[in-house]
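# Tertiary structure, described
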Amino acid sequence: MSKTKNLIHLVSIALLFLWGAVLLYFYASERLAHYLPPDGIFRPMVLFAGIGMVILGLFNLATTQYKEADCCGHDHSHDHDHGDGGHDHSHDHEHKHDASCGHDHEHDHAHKHEHHHDHAHDHGAAHNHDHGHGILEESKFLGRTVAILILAAPVTWAAIRTPDQYSANAIVNKGLYNQNYASTTRADQFSLKKEKAPAKTDVATKTQTTNVADQPPDATTTKPAPGAPADVAKPSGAAETKSFGTFTLADLEAQVPKSKEGNFILEVPELFYTAGDKEVQSVLKGQSVETIAQVLPEKVNNEDGKRLRIFRMLVQCCAADARPYSIPVEFTDKAPEIKEMTWVKMIGKMNFKQEGGQTVPVLEAISWKETTAPDDAMMY
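About the cut-offs
- Residues numbered from 1 in each chain as written.
- Predicted model: local features only at pLDDT ≥ 70, side-chain atom pairs only at ≥ 80, totals over all residues.
- Heavy atoms only, no water.
- Helix = DSSP H or I, 4+ residues; strand = E, 2+ residues; numbered from the N terminus.
- Buried < 20%, exposed > 50% of the residue type's maximum accessible area, 1.4 Å probe, protein only.
- Phe/Tyr/Trp six-rings, centres within 6.5 Å; stacked < 30°, edge-to-face > 60°.
- Core = buried A, V, L, I, M, F, W, Y, C linked by side-chain atoms within 4.5 Å.
- Contact = heavy atoms within 4.5 Å.
- Axes fitted to C-alpha atoms, helices over the stretch in contact; angles between N-to-C directions.
- Parallel < 35°, antiparallel > 145°, perpendicular 65-115°, else oblique.
- Left-handed = near helix turned anticlockwise from the far one by under 90°.
- Nonpolar A, V, L, I, M, F, W, Y, C, P; charged D, E, K, R; others polar.
- Polar contact = N/O pair within 3.5 Å; in protein donor to acceptor, adjacent residues only side chain to side chain.
- Pairing = 2+ DSSP bridges.

### Re unusual backbone geometry
A positive phi angle, close to 50°, is found at Asn301, a residue other than glycine. Relative to the helices and strands, Asn301 is located in the loop between β5 (288-297) and β6 (307-314). Its identity is not glycine, yet Met341 carries a phi of approximately 75°, on the positive side. With respect to the helices and strands, the residue Met341 is situated in the loop between β7 (323-330) and β8 (343-355). Assessed through its relative accessible area of 11%, Met341 is described here as buried.

### Here's the deal with the packing of aromatic side chains
Considering all chains together, one arrives at six aromatic pairs under this definition. On the numbers, 6.4 Å between centres and 5° between planes, the contact of Phe190 with Tyr273 is stacked. You can see Phe190 sitting in helix α6 (residues 187-190) and its partner Tyr273 sitting in helix α8 (residues 268-273), a full 83 residues away along the chain. The exposure class assigned to Phe190 is buried, which follows from its relative accessible area of 7%. Residue classification places Tyr273 among the buried residues on the basis of a relative accessible area of 8%. Pairing Tyr273 with Tyr325 gives two aromatic rings, centres 5.9 Å apart and planes at 45°, and the pair type is tilted. One end of the pair, Tyr273, is in helix α8; the other, Tyr325, is in strand β7, and 52 residues separate them in sequence. Counting every residue linked through ring pairs, the aromatic cluster contains Tyr181, Phe190, Phe272, Tyr273 and Tyr325.

### Considerations on the nonpolar core
Judged by nonpolar contacts, the single largest core of 38 residues is most densely connected at Leu192, Leu252, Leu284, Ile310, Met346 and Leu363. Elements supplying a minimum of two residues to this core: α6, α8, α9 (278-284), β5, β6, β7, β8 and β9 (358-370). Filtering out sequence-adjacent residues up to four positions away, Met346 remains in contact with Val289, Glu290, Thr291, Ile310, Val329, Phe331, Leu363, Ala365, Ser367 and Trp368. Counting 22 residues, the second-largest nonpolar core is a separate cluster that includes Val22, Tyr35, Ile171 and Met341.

### What to know about the packing of helix α1 (residues 3-28) against helix α2 (residues 42-62)
Put simply, α1 and α2 touch, their axes get as near as 8 Å, and they point 155° apart. As judged from the angle between their axes, α1 and α2 are roughly antiparallel. Considering the relative orientation of α1 and α2, their crossing is left-handed. Taken together, the residues of the contact of α1 with α2 break down into 18 nonpolar, five polar and one charged.

### Here's the deal with the side chain of Thr359
Within the fold, Thr359 resides in strand β9. Among the polar contacts listed, one links the side chain of Thr359 to the side chain of Gln354, at a separation of 2.6 Å.

### A closer look at the pairing of β9
Pairing of β7 with β9 involves two bridges; the strand directions are parallel. From the neighbouring strand, Glu330 faces β9, where its bridge partner is Glu364. As defined by bridge partners, β8 adjoins β9 across twelve bridges and the pair is classed as antiparallel. Note that in β9 the partner of Ile347 across the bridge is Ser367. The turn linking β8 back onto β9 is made up of two residues, and Gly356 within it adopts a positive phi angle of 60°.

### Re the environment of Gln287
Here Gln287 is to be found in the loop between α9 and β5. Its relative accessible area of 22% is what places Gln287 among the partly exposed residues. Taking C-alpha positions, Gln287 is 5.3 Å from Lys349, a pair spaced 62 residues apart along the chain. Excluding its chain neighbours within four sequence positions, the residues that come into contact with Gln287 are Leu249, Leu252, Phe264, Gly348, Lys349 and Met350.

### Structural notes on the side chain of Thr342
Structurally, the position occupied by Thr342 is in the loop between β7 and β8. On the basis of relative accessibility, which here comes to 12%, the residue Thr342 falls in the buried class. Within polar-contact distance, the side chain of Thr342 engages the backbone oxygen of Lys339 at 2.6 Å. What Thr342 contacts, discounting residues up to four positions off in sequence, is Ala293, Gln294, Val295 and Glu370.

### Focus on the packing of α1 against helix α4 (residues 141-161)
Think of two packed helices as two axes; the pair is described by the angle between the axes and how far apart they sit. Running from amino to carboxyl end, α1 crosses α4 at an angle of 15°, the nearest separation of the two axes being 10 Å. By the angle class used here, α1 and α4 are roughly parallel. Our pair here, α1 against α4, has a crossing hand that is left-handed. Counted together, Thr4, Ile8, Val11, Leu15, Leu18, Trp19, Val22, Tyr25 and Phe26 of α1 and Arg144, Ile148, Leu151, Ala152, Val155, Thr156, Ala158 and Ala159 of α4 form the full contact between these two elements. Looking at the contact of α1 with α4, its residues break down into 14 nonpolar, two polar and one charged.

### So, the pairing of β6
β6 sits mainly inside the fold: eight of its eight residues count as buried. Here β6 shows a buried face lined by Arg307, Arg309, Phe311 and Met313 and a second buried face lined by Leu308, Ile310, Arg312 and Leu314. Where β5 meets β6, four bridges bridge the pair, whose relative direction is antiparallel. Residue pairing across strands places Leu296 opposite Arg309, the latter belonging to β6. As defined by bridge partners, β6 adjoins β7 across eight bridges and the pair is classed as antiparallel.

Take it as geometry only, folks, not as evidence of what the structure does.
Okay, here's the thing in structure tokens:
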């Protein structure tokens, strides 16, 4: 193998190791937990692909010094001109070449023979080879450099610089302030009732709803809610709170853990879905609640500046389709200045208010402190 081919071979091996190492890094570091749900085949496939690339690189490395095999057999076409005393022979031979290997061969042989019994041969051969071995071998130095950068730079950049969370602007664009608190999209997963009973039929406990209740938090919107900026609108046709059977304080205590201070530990999506259930509201209202979430400024019904908004990202299939589930947090005085996207442990008492045509769960803050992100920053 020539020096150039040997170098190209080693560069190809290095690229295989790089791609395999990046995939294994994302898997082993658990960064995939930020992008893909734990169920399904996505995470295992990343592992298998990384291992496969490393094995292929090792195989190629082990066979670096092996002799390069001929890719096809050669048949030659000869034109013979024999001058031999009184004999003049002219032979035209047509031979077929197997070009399946990607080689085009043109052979022109001129033979002069002077003999009675001995032959002197003078062979002149002109070969025209057209070889195709991939972009690294076909290209010149500049082309090879560009090809290597295209193969190596993006995956290296992704491993080093890929953020593990959305920006604040992206979360706002995903509907942070356009929450439909009557949504039932994933209510079964986050409802505080283990099993919802069928809704009662008497007028006192059942109210009319629309199909918008089945839409996700960032539902279709209409005009902005009172106090909201022009680019923040409220969900259209938001449904009223409904009754789903009995729920008591004993039920709450039986299925929701408490902190050592006696606060009910709930996730933001669980608080979000309390807005659609009258019985849960009646039990949870006034209870001390503790939750961990990220913080952004409040832009809805916050004329006096006493509110912030806390949220968690909820994944449907992968990080690309994650949506924010959020509720407002209200302070007795002006809201503290907390850096955007900071993770906080927020403690407060639950309340429910009618705002923008729907029931809104509001956490009335007692205390807060910065904290580290949970193991799964995005919920599934």
